[in-house]
Amino acid sequence: MSGMDALEKEIQEAAVSRQQAEEAFLQADAKLKDLLVKGRAGGLGPSQMAKLTGFTREWVAKIAPDPKRSRQGAIQRRLDRLSSDDS
């Protein structure tokens, strides 16, 4: 039975290692996404940040959309809603 005990211990250690790796990934992912948003707000384009990260331009643009466009889109949606209420 000691072979099974060793296997159980190895499984537990692997599970702990995986959990730690997942936590490290999530922290690194959050940091990267935060930096992409800051970069976009600072004037970096998605293509430039894609080259820096190795991710696709589309992924970067999804994570860090153009702040000017997002604001303009929200304003337009409000204006459209107000226009439809007047009808």
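Note: the structure precedes this text.
Residues numbered from 1 in each chain as written. Predicted model: local features only at pLDDT ≥ 70, side-chain atom pairs only at ≥ 80, totals over all residues. Heavy atoms only, no water.

Here we come to the overall build of the protein. For the protein, the count of helices and strands is four helices and zero strands. Walking the protein from its N terminus toward its C terminus, one meets helices and strands in the order α-α-α-α. Of all 87 residues assigned to the protein, the portion counted as buried reaches 11%. By sequence separation, contacts in the protein at least 24 residues apart represent 43% of the contacts at least 6 residues apart. Counting every atom, the protein has about 7300 Å² of accessible surface; 55% of that belongs to carbon and sulfur. (Helix = DSSP H or I, 4+ residues; strand = E, 2+ residues; numbered from the N terminus. Buried < 20%, exposed > 50% of the residue type's maximum accessible area, 1.4 Å probe, protein only. Contact = heavy atoms within 4.5 Å. Areas by Shrake-Rupley, 256 points an atom, 1.4 Å probe, with all protein chains shown as cover.)

What follows is about the nonpolar core. In this structure, L36, M49, A50, V60 and A64 together form the largest nonpolar core, which totals five residues. Among all residues touching A50, those that are not within four sequence positions of it are F55, T56, R57 and V60. (Core = buried A, V, L, I, M, F, W, Y, C linked by side-chain atoms within 4.5 Å.)

Residue position: R40 is located in helix α1 (residues 2–41). Despite being buried, R40 has no salt bridge partner; D66 is the closest side chain of opposite charge, sitting 4.1 Å away. (Lys, Arg positive; Asp, Glu negative; His and termini not counted. Salt bridge = Lys/Arg side-chain N within 4 Å of Asp/Glu carboxyl O.)

Relative to the assigned elements, F55 resides in the loop between α2 (46–53) and α3 (57–63). Apart from the residues within four sequence positions on either side, F55 is in contact with L32, A50 and V60.

With 40 residues, α1 extends 59 Å from end C-alpha to end C-alpha; this agrees with the ideal 58 Å at 1.5 Å per step. Looking at α1, one finds that the buried residues are D29, L36, G39 and R40. (Expected span 1.5 Å × (residues − 1).)

So, on to the pattern of salt bridges. Considering all chains together, one arrives at three salt bridges under this definition. One salt bridge connects E22 with R18, and the closest N-O pair in it is separated by 3.2 Å. Taken together, the residues E22 and R18, both in helix α1 and four residues apart, mark about one turn of the helix. On the basis of relative accessibility, which here comes to 34%, the residue E22 falls in the partly exposed class. For R18, a relative accessible area of 56% translates into the label exposed.

Running from N to C, α1 and α2 cross one another at 145°; their axes reach a closest spacing of 10 Å. As α1 runs across α2, the sense of the crossing is right-handed. Packed against α1, whose contacting residues are L32, L36, G39 and R40, the element α2 presents P46, M49 and T53 at the interface. (Axes fitted to C-alpha atoms, helices over the stretch in contact; angles between N-to-C directions. Left-handed = near helix turned anticlockwise from the far one by under 90°.)

Everything listed here is a matter of geometry and, on its own, says nothing about what the molecule does.
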